[in-house]
Amino acid sequence: MASSGNNRNAKQSPGNGGSSPVGAVLVCGGGIAGIQASLDLSAAGFRVHLAESAPNIGGAMSKLDKTFPTGDCATCILSPKLVQCTRDINIDLHTLTEIEAIKGEAGRFTVTLRRRPRFVNEKECNGCGDCIRACPVELTGLLDCRIGRHKAIDRPLAQAVPNVVTIEKQQRPPCQMACPLGQNAQGYIAPIRAGKYREAIELIRETNPFPSICGYVCHHPCEAACERGRYDDPIAIRALKRFAVEKAAEIGWTPAPIEVERRPERVAIIGAGPAGLAAANRLAREGYGVTVFEAAEVLGGMLRLGIPEFRLPRHIIDAEIEAIRALGVEIRTGMKLGENITIEGLLSEGYRAVFIATGAYMGNRMGIEGENLAGVHVGLDFIRRANLGERVSVGKRVAVIGGGNAAVDVARVAKRLGAGEVTILYRRTRHEMPADPLEVADAMYEGARVRFLTQPVRIVASNGRATGVECVRMRLSDEKDLSGRRRPVPIEGSEHVLPFDTVLIAIGQTPDTKFAEHGSVRVSKWSTIEVDPETMQTSRPGVFAGGDVVVGAGTLVEAIAAGQRAAATMLRYLAGESLPEPNLTSGVAGPRRPQWSEQDRLRFERMLADGGVAPAPRATLTELGYDEKLAQREAARCLNCGLCAECMECVRACKRNAVAHNQPEERFDVEVGAIILAPGYDAFDAKIKGEFGFGHYLNVITGLQFERMLSASGPTLGALRRPSDAAKPRRIAFIQCVGSRDTTCDNDYCSAVCCMASTKQAILVKEHEPATDVTIFYIDLRAFGKDFDRYCDRARKLGVRYVRAIPSRLMQMPDTRDSRLAYIDEKTMKRVEEEFGLVVLSSGLEPSARLLEQAARLGIRLNEWAFAATDRLAPVRTSVAGIFVAGAFEEPKDIPDSVVQASGAAAEAMALLARARGSLLRTKVYPPQRDVKGEPPRVGVFVCHCGSNIAAVVDVEKIVERLSAMPHVAYAEHTLYACADDSQAHLREMIAEHRLNCVVVASCTPRTHEPIFRDTLREAGLNPCLLEMANIRDQCSWVHADNRDGANRKAADLVRMAVARAAQLSPLQEDSIAVRPGALVVGGGLAGLTAALSLAEQSFSVNVVEKSDRLGGTLNDIHSQLEGGDIPAFLRDLIARVENQPLIKVHRQTTVAKVTGFVGNFTSELKRNGGAGCQPVDVPEGGAGCQPVGSPERIEHGVLIVATGATEHKPTSFGYGKSPRVVTQLELDGRLARGELDLPEEPTIAMIQCVEQRCAERPYCSRVCCAAAVKNALALRLRYPKSRIAVFYRDMRTYGFREKYYKQAREAGVLFIRYEEDRPPQVAIGEGGSVRLETFDPTIQRRMELDADLLALSVPMSPRADREELSTLLRVPLNADGFFLEAHMKLRPVDFASEGIFLCGTAHAPKFINETIAQAKAATARAASVLSRKRMPVGGQISWVDPDKCVGCMTCYSICPYMAPRVGADNKAEVQPAICMGCGICAAECPAMAIQLRHYTNEQVLASVEELLNVRAEERAAVAGEDSGEGVAPIRWTRRAVRSASQEAGEREAAATLPGAKK
Amino acid sequence: MGNNGSEPVILAFCCHYCAYAAADLAGSLRLSYPPNVRVLRVPCTGKVEVTHVLRAFEWGVDGVIVAGCLEGGCHFLEGNLRARKRVERTRQLLDEIGLGRERLEMFNLSSAEGPRFAEIVREMTERLRRLGPSPLRCEGVLQ
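Note that the structure is a prediction, hence the values are computed from the model and not measured.

(A) Main features of the interface of chain B and chain A. In this complex, chain B contributes 61 residues to the contact, which on the side of chain A involves 67 residues. For the pair chain B and chain A, the two sides together bury roughly 5600 Å², of which 61% comes from carbon and sulfur. For the chain B face of the interface with chain A, the top three residues by lost area are Arg30, Arg38 and Trp59 of chain B, together amounting to 13%. In this assembly, chain B and chain A are joined by four salt bridges. One salt bridge in this structure joins Arg86 of chain B and Glu1485 of chain A, with 2.6 Å as the shortest N-O distance. On inspection of chain B and its partner chain A, the count reaches 16 residue pairs in polar contact (both at pLDDT 80 or more). For the side of chain B that touches chain A, the secondary structure elements donating two or more residues are β1 (10-15), α1 (19-28), β2 (37-42), α2 (50-58), α3 (79-96) and α5 (137-142) of chain B. Element by element, the count of residues in the side of chain B that touches chain A is highest for α1 of chain B, at eight residues.

(B) Representation of the pairing of strand β54 (residues 1284-1289) of chain A within the structure. Residue and element names in this part refer to chain A. Counting buried positions along β54 gives five out of six residues, so the element sits mostly inside the fold. In terms of strand pairing, strand β53 (residues 1244-1248) meets β54 through five bridges, oriented parallel. From the neighbouring strand, Ile1245 faces β54, where its bridge partner is Ile1285. For the crossover from β53 across helix α35 (residues 1265-1279) to β54, the handedness is right-handed. Looking at chain direction, β54 and strand β55 (residues 1311-1314) are connected through four bridges and run parallel. The residue bridging Val1287 from the neighbouring strand is Phe1312, located in β55. Each parallel crossover has a hand, and for β54 linked through helix α36 (residues 1299-1307) to β55 it is right-handed.

(C) Highlighting the pattern of salt bridges. All names here are of chain A. If you walk through the whole model with that rule in mind, you get 131 salt bridges over all chains. Put simply, Arg656 and Glu124 hold a salt bridge, and the shortest N to O gap is 3.8 Å. Here the residue Arg656 occupies a position in the loop between α21 (649-653) and β26 (666-672), and Glu124 occupies one in the loop between β5 (108-115) and α4 (130-134), the gap between them amounting to 532 residues. You can call Arg656 buried: its relative accessible area is 11%. Taking the relative accessible area as the measure of exposure, Glu124 reaches 30% and is therefore partly exposed. Between Glu1123 and Arg1298 there is a salt bridge whose closest N-O contact spans 3.7 Å. Separated by 175 residues along the polypeptide, Glu1123 in the loop between β45 (1102-1105) and α33 (1127-1140) and Arg1298 in the loop between β54 and α36 bring together distant segments of the chain.

So, how was this worked out
Residues numbered from 1 in each chain as written. Chains lettered and ligands numbered in written order. Predicted model: local features only at pLDDT ≥ 70, side-chain atom pairs only at ≥ 80, totals over all residues. Heavy atoms only, no water. Contact = heavy atoms within 4.5 Å. Buried area = accessible area lost by both parts, 1.4 Å probe. Salt bridge = Lys/Arg side-chain N within 4 Å of Asp/Glu carboxyl O. Polar contact = N/O pair within 3.5 Å; in protein donor to acceptor, adjacent residues only side chain to side chain. Helix = DSSP H or I, 4+ residues; strand = E, 2+ residues; numbered from the N terminus. Buried < 20%, exposed > 50% of the residue type's maximum accessible area, 1.4 Å probe, protein only. Pairing = 2+ DSSP bridges. Right-handed = clockwise from strand over helix to strand, strands pointing away.

All we've got here are geometric facts, nothing functional implied.
Have a look at this one:
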């Protein structure tokens, strides 16, 4: 911190001498700071790359409802700037982009940027929102600050800029990851929820040829992986799949017929089970001839032979196999490999490839005694025979050995075949049982029993028949086996015999690979075929294998997956390509943890057929499918962990093909001379402060969430609603300093904005719902900014209650869901409990982790709180030359401070790159404008469909058809997208072809699209102002979809109104005026000198006017600052640099006597003060100033900067002036620096804050005094370690990082004692100047007395005495406190409303040194937008006074907010084009109606109105005509015709000859 | 909406920065309101002249809305305040000539207040349905 700014200055000079810097700047961050910096740089002649990591620009400000302390709507003031940013051809906007790497040095950096995919083509998307409505994935959180819901494809705000949607897609959901097929379960669940079954089934079928079968019997690993299972139950994905299939059949959906080109090559597949058929399906779809050889007489393999009918109906299997056969697949049954076919034989028959999928049909035996006895069967054989309809008998007492699904199936089949008692013997516990728990439950429900931890060791027999099973009890050891489960071990001596007459062994199966005995393909020792796991190829080239024959015994989906995978490599083999298929699945992180609340718990439901205990008959399904209601309920439980489900609904909905799900990440380089970091902040995660229950209690929200709720365009459309029950909260509490000023979460700084943000929100609540009870719990009310204290007073007047206490914790009441807060009441010192319906946590600002990564890549130094480290004397410079910082990343700050810093950083970049200014500027060359003077209007009308956005509601064709009857319409057409590139080209062609001289585009809003079409007109050689737009989308089709008739009539009206107006339009010419180079800076203090130097570094000449004979102003009296640094040395250096700068001329003892002119063209007269009696100090209030001497010097300049500073107010209270022991903080600082203090070694020192400020007379806070008191207290403590220091304060306002020093002072033993405004300390001056202080301490409710050796008063900064003189001279306003009033408190903090005049330093408001420096630089960046041009455009849409009508009353002069009119020739008013802003107020107020606003003349405005009423008349005439049976003559046409013939021609003529008109 | 003659026609002068933007936002939010209003964009409500309003009535419009920025939020500093005064004066005139002040109303809204715009249109449409068609309608047009 101690290193001073000037040391670094040497490093800031670009490059190493010779090479010229790059005239472009990279701005990181598209919040208000980044936007401001970009616009300033572009206006001053630099190319800008604006990189924003979010999908849309606007940052935190765009999410705000209102701004403090003016109550301005954030959107209103921000949107125009955002749009300007997207339109500026010198600003390249890169959204979703961050810095990846950086090379080079100040003046010449190469920065690699990384752009994350938006999955939407930004150029094509027109923000119509069709996709948003189509998207079935509703997400909670992320957007809208986690209240409300949004879609996976969406935009953060309805008014987002650029108005382009983004898909939130980061990871594949766990269900998809778990599925061997990669079935996108989330993808088809989302459309099911939305009732879009056709889309669901299409998506399922994309990856699964057996959706129906899987819907019945898949073992659904997806459900095991389902994230929802962590909270209640996993989603019943299998049941939903079955539902989708059944529903699709119900609505008559059939797969679209596929057209394949038949290929001559043939492929043999052995085995018609799921693996074989899946492969056949895939290969047949590619056109290969496929023959399936099946050993059995029935198809489906295990599906039919291994799975009982009550779980999988046979017609389902038939249907899905039939669908594959329908692809042209030949199936031959009774063909057993190794018996009637061989691999070699097939190959020699001409089959180009063979796929072996013969499955595993040999049931395993246990190898125990008695397995061959009568009554002992292999379960697999048993179930196969049952499935084939053979007669199978079972005994009365049946044992089933095994724990898999097969064992359970066997048990259930046995039960259905009449077994009296069925017992499953399993050696582990239920927990380890591999069978589906639901199947087990069903089996038990049907009467089967399961004996766990039971291992058969022998089958006992009598007369050669099994009579029982001898078992041993098991226990689970701690040792894990290969499967990761605890190994069961027998319990010694626990052998026992269970009586059974039938024993069914179901402990797995093995493939029969005897066919390979001759070595055709290699077989493993487990009798499985060995394949390359990547390619599925066997040892024999061209022969592939998959499914159970390879893995032993797998599941259905695994088999299908194996078939598909093998088919994929076989396709490559057949095409002669190298085999391993490139791995297409990208790296995937874990699932998104959704926001979860206990209240969301909802168990899944099943539908069972039978309410009884008895098993249903063999073929009767036990589990029914979902009905629609249940399915949708179940689907709605999906947490959408993968965000976007890739269901492709958006692709179908987008008519412009803008959605690009496969958009890749991009990397690209930009060459820039400087970098400005304005990445903003992250809100503190309030969950960390667990005591407030955020994240658990629904009615505890953050300030930002509350702001969104208040916003009219937010999730509740501005209604106050508790999240728990959508009720209006009657009592709201704000808790301040959540995550700020808090060492427990390492954020021991103050976030600077929260006190005011909460105050603002409290005021908004009171305005929305005056009856609401609002309480703000706070520590210190930090209302330190301009007019902030007044704002808090306003809140109090509205009834907002401020309570100085921070509740220690919060409890939610179970019945009401209100929050109970407990705190200590300051007055009574008692614990108080109160309940609030809604609690708002005012969470602080902190740098985000993402940001820190970027900072690390850039190599910039961070401070102890991980914000960008800067020096207070070089406030926008980072530790790396050429990289600057602005906004909250430097220190938590509000909007105006961010804007000031942004302009300040821009000024630094401009100075660094001054030599390259304009070198990379893009300019567009247009053809010369066609002269349309005297031509009758020829209107071309282009009516846009906007896909179906307009056309779905409005009959666009009919509008066009009717238009051709309108007068002046030379051409009319409708177009699908008027804004598309090809449509624009067509528009230009039509202008030429039909010699159109005015154009109407009926489409969307002119607010976003007028600049585009105006540009098109210019490219076509027409004046851009000959365009009129009719907004038939945003203001018609979008809002009247429920009333097509009305919408059609309205659209027709709007288009005709536009045509009528267009026919009246005349070209507007812009002229330009020369800009006088150079600036005049008024004031030679810190602000003025900094501004002058900054301008000179940007190579502009400067005249500095200082009324005293000494430069430096108040800074001469300041010797130290809180953060260290040698202020006098800094000032000496600054003055020396100013004096040595050849472009700066300093005028001491001089004042400005007169200023005339306007932006770019000022002339000022300077007068030298003189005379012996002239003091170089402030003129006392009301006192006489110095007398000017000599003749005035005349200076011409383009801009003027006011930097006249402020002065320390000299108090009259607290004994000041009556005792030498009473001093101001500034005086104390001086005495400390000069060593002039004369105090005892153990002095008692008192300080009183807010002396004669924050009171009725001076109702403002001077911002710096709390820090000054802390600074002086710390210095005194150091000098007098045994001192007793007490600071009497009202609120300690050590905002931002200054909080650290306040903490330090407290730790150093400085006492901070609060006093209340109405009970300030009393000071009595005794004999010899002794000071006795008496005060009341409200925190201990005691009076106390103190004899002070020194009393320091924190007095206010006062505006200069001559402020009013200057205010009148420059015609710029002052606020009620006497400080200069900027053009806009939020977004134009250094501009005056009068163009070309700027403001900085304490003349604007009290501020610190760093703030003054930043603001001074900011003023120069704003000034550069004027000074960097040789000429400035003027004219266009401005007012014009008709001298023939003007009576010289000068009403216009007195009402114009910009003072554009002036007294011209003959005492008539004339409007100065360079000053006029084109609002037209003068035109409306002129009593003589002598003023017209160009482009909005009376004729032009009224033409639309008249046309509107013409339409109505026409309609009535038509109605009347129908009624009476006779036609009504179109009177209006006649009248119009007459008018256009004479009047219009005359008007155009007149317009062309008007004195003010530009030819 | 069957009978064209019975539905009121409302002309709305909306300032570019706030009211017009709010009307656009109502569209983005797909809010629904009666299709009786025809918006005429002006740079600032400060530009809306008394004669424009009167002429519209003279030609047979049933009601007029003047919609500008929130007070204190005018992009041209005080145009909306001047407009309000002017609208008040015009309302008096409407009373005097017997049309009634209720047919003209000035509203202030921010560009983020899409719902408010829809509400204003609903409110005015209802009011004008209640008041019935402007007596100046027919003669005004067919003269």
